[in-house]
Amino acid sequence: MHIRTPKDWELPESAATSESLYHLSKRRDFLKTLGVTAVAIAARDAFGAAAPFQTKPNPAYRDPALKPTGYDYITSYNNFYEFGTDKAEPKDLANRGWKTDPWTVEVTGLVNTPLKLDIKDIVEKVGGIEQRVYRFRCVEAWSMVIPWDGFQLSKLLMLADPKPAAKFVKFTTFLDKKAAPGQADGNLDYPYVEGLRVDEAMNELSFIATGIYGKAIPNQNGAPLRLVTPWKYGFKNIKSIVKIELTEKQPRGTWEAMQAREYGFYANVNPQVDHPRWTQASERVIGGGFGGRQKTLMFNGYEKQVAALYQGMDLRKFY
Ligand SMILES: Nc1nc2c(c(=O)[nH]1)N[C@H]1C(S)=C(S)[C@@H](COP(=O)(O)O)O[C@H]1N2
Ligand SMILES: [Mo]
């Protein structure tokens, strides 16, 4: 069994704010499963990471006041329960032969032009890749600043031409119990599902990331494509998407289904609405050194772009 030394940024506090109530009790079972599986899974993919797409910074999404978090933090402190509930596990377990290239994505449901495309065709059809530097805030009260490479989600949705009856967008992650020990273990209900209202999905900020810092997105960060909605808590940012479905009914996300009182459909970052088990008024800055905390901003600092989406809604009720 693998034993590791905790990194200095892994403060004990993170155990108190774990997304999952079952984190600590489940972890023991998980490691048991892993002991068996580890022998069966092949050595690291001999081909290594996929080639990155060409990217160029979009100055409209590059606030000079934001200092990007170091690449090593972004790619080694992860939540990806398919590959373990511990922050350090996905970097290891998502790189033991899980294949993310080639990769097909389906856009289906209430659309006039259903699509089933390889990620490379998608990138070509949406007109290429740009880089945006976004704040990232996990519901567990930690944050980063991430230079994402990707494209605006609206471009992909427009290709499929949603019907007027479409009110929501449902996203689904891959399901492969052989490749993903967390799925074999059943630490959550899989496949992982998330959803947005159509107007949220069409907002300029909603982004599909295919890279980080100009490199192909590492498996542990949700290769080869994942959602990024920077004004919402991290769990909305679903990884390794295989299906995007336009629906009439509001989809029920994996975390909402698990614990609706703690994880709502909207999950907008809001320093005034606490999580039932901890405050959301401030956040621990990953890579910010010991004691590096800052105040959490309304909509994670994106009020100007998204506040209009929620005009007249009681954000305590629609959390
Ligand atoms: N499929 C899938 N997507 C997921 C998760 C997950 O466990 N499975 N975790 C979510 C949570 S809780 C967070 S905070 C972010 C973490 O993204 P990062 O590891 O790239 O920082 O991914 C989100 N997307
Ligand atoms: Mo999260």
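First, a word on what this report is: a plain description of the structure on this page. Here the residue numbering is sequential within each chain, running from 1 through the sequence in written order. Chain labels run from A onward and ligand labels from 1 onward, assigned in the order the entries are written. The predicted nature of this model means local features are confined to residues of pLDDT at least 70 and side-chain atom pairs, given and counted, to a pLDDT of 80 or more, with totals for whole chains, interfaces and linings taken over all residues. Note: side-chain values were computed over all heavy atoms of the structure, leaving out hydrogens and water.

## Overview of the overall build of the protein
Now for step 1: Strands are runs of DSSP state E lasting at least 2 residues, helices are runs of H or I lasting at least 4, and numbering of each runs from the N terminus. Of regular secondary structure, the protein possesses ten helices and 13 strands.
Now for step 2: Partitioning the contacts of the protein with sequence separation of at least 6, the portion at a separation of at least 24 is 74%.
Now for step 3: Throughout, the Shrake-Rupley method with a 1.4 Å probe supplies accessible areas, and for residues the shown protein chains are the sole cover considered. Accessible area for the protein stands at about 14,600 Å²; split by element, carbon and sulfur atoms hold 55% of it. Contacts between residues were defined by any pair of non-hydrogen atoms, one from each residue, lying within 4.5 Å.

## Considerations on the site of ligand 1
Now for step 1: Taken together, 17 residues form the shell around ligand 1, and within it N78, Y81, E82, N221 and K239 come nearest.
Now for step 2: Any N or O atom pair separated by 3.5 Å or less is treated as a polar contact, with the protein-specific requirement of one donor-capable and one acceptor-capable atom, and with residues adjacent in sequence counted only for side-chain atom pairs. T173 places a side-chain nitrogen or oxygen 3.0 Å from a nitrogen atom of ligand 1.
Now for step 3: Look at ligand 1: alone it shows 530 Å² of surface, and the protein chains cover 100% of it. Definition of nearness: a residue and a molecule or strand are near each other if at least one heavy atom of the residue lies within 4 Å of the molecule or strand.

## Some points on helix α6 (residues 153-160)
Now for step 1: Residue burial is assigned from relative accessible area. The probe radius is 1.4 Å, only protein chains are included, and a residue is buried under 20% of its type maximum, exposed over 50%, and partly exposed in between. Restricting attention to buried positions, one finds in α6 the residues L153, S154, L156, L157 and A160. Summarising the axial view, the buried residues of α6 lie within an arc of 160 degrees, below the 170-degree limit, and thus occupy one face.
Now for step 2: Trailing α6 by a residue or two, D161 shows a phi angle of about 60 degrees, which is positive. When we speak of the arc, we mean the arc of directions from the helix axis to the C-beta atoms.

## Examining the pairing of strand β11 (residues 241-247)
Along a regular strand, successive side chains alternate from one face of the sheet to the other.
Now for step 1: Note on pairing: two strands pair once DSSP finds at least 2 bridges between them. With four bridges connecting them, strand β2 (residues 104-109) and β11 associate as parallel partners. Paired with E106 across the strands is K243, a residue of β11.
Now for step 2: With six bridges connecting them, strand β6 (residues 168-173) and β11 associate as antiparallel partners. From the neighbouring strand, V169 faces β11, where its bridge partner is L246.

## Structural notes on the nonpolar core
Now for step 1: Ranked by internal contacts, the top residues of the largest apolar core, which has 79 residues, are W148, F171 and I244.
Now for step 2: If sequence neighbours within four positions are ignored, F171 has contacts with L153, Y192, V193, E194, G195, L196, L227, I238, I241, K243 and I244. Take the buried residues of types Ala, Val, Leu, Ile, Met, Phe, Trp, Tyr and Cys, join any two whose side-chain atoms come within 4.5 Å, and each joined set is a nonpolar core.

## Digging into the sheet that holds strand β7 (residues 193-197)
Now for step 1: Taken together, the five strands give an open sheet; going across it, the order is β3-β2-β11-β6-β7, and neighbouring strands pair in mixed fashion. Every other strand in the sheet has two partners, leaving β3 (115-118) and β7 as the edge strands with one partner each. The mean angle between the axes of side-by-side strands here comes to 15 degrees, regardless of whether they run parallel or antiparallel.
Now for step 2: Across four bridges, β2 lies against β3 in antiparallel orientation. By the bridge assignment for β3, E106 is matched with K116. The axes used here are C-alpha line fits, helices contributing only the stretch in contact, and every angle between their N-to-C directions lies in the interval 0 to 180 degrees.

## A short note on the pairing of β7
Now for step 1: Of all five residues making up β7, five are buried, and the element is well covered by its neighbours.
Now for step 2: Burial of the side chains of β7 extends over both faces: V193, G195 and R197 are buried on one face and E194 and L196 on the other.
Now for step 3: Alignment of β6 against β7, held across five bridges, turns out to be antiparallel. Note that in β7 the partner of K170 across the bridge is G195.

## Description of the pattern of salt bridges
Now for step 1: Salt bridge, as used here, is a side-chain nitrogen of Lys or Arg placed within 4 Å of a carboxyl oxygen of Asp or Glu. Using the criterion set out here, one finds twelve salt bridges in the structure.
Now for step 2: Residue K87 pairs with E140 through a salt bridge whose shortest N-O separation is 3.0 Å. Taken together, the positions of K87 in the loop between α3 (71-76) and α4 (89-93) and E140 in the loop between β4 (129-138) and β5 (142-152) put the pair 53 residues apart, joining distant regions of the chain.
Now for step 3: A salt bridge links E200 to K232; its shortest N-O distance comes to 2.8 Å. One end of the pair, E200, is in helix α8 (residues 198-201); the other, K232, is in the loop between β10 (226-228) and β11, with 32 residues separating them in the sequence.
Now for step 4: Assessed through its relative accessible area of 0%, E200 is described here as buried.

## A closer look at the environment of V145
Now for step 1: You can see V145 is positioned in strand β5.
Now for step 2: Once the C-alpha coordinates of V145 and V285 are considered, the two residues, 140 residues apart in sequence, prove to be 9.1 Å apart.
Now for step 3: With residues up to four places along the chain from it excluded, the contact list for V145 reads L66, K67, P68, T69, I74, V133, Y134 and R135.

## Things to note about the environment of L159
Now for step 1: Tracing the sequence through the fold places L159 in helix α6.
Now for step 2: What makes L159 partly exposed here is its relative accessible area of 29%.
Now for step 3: Leave out the neighbours within four places in its chain, and L159 touches T113, L115, K125 and V126.

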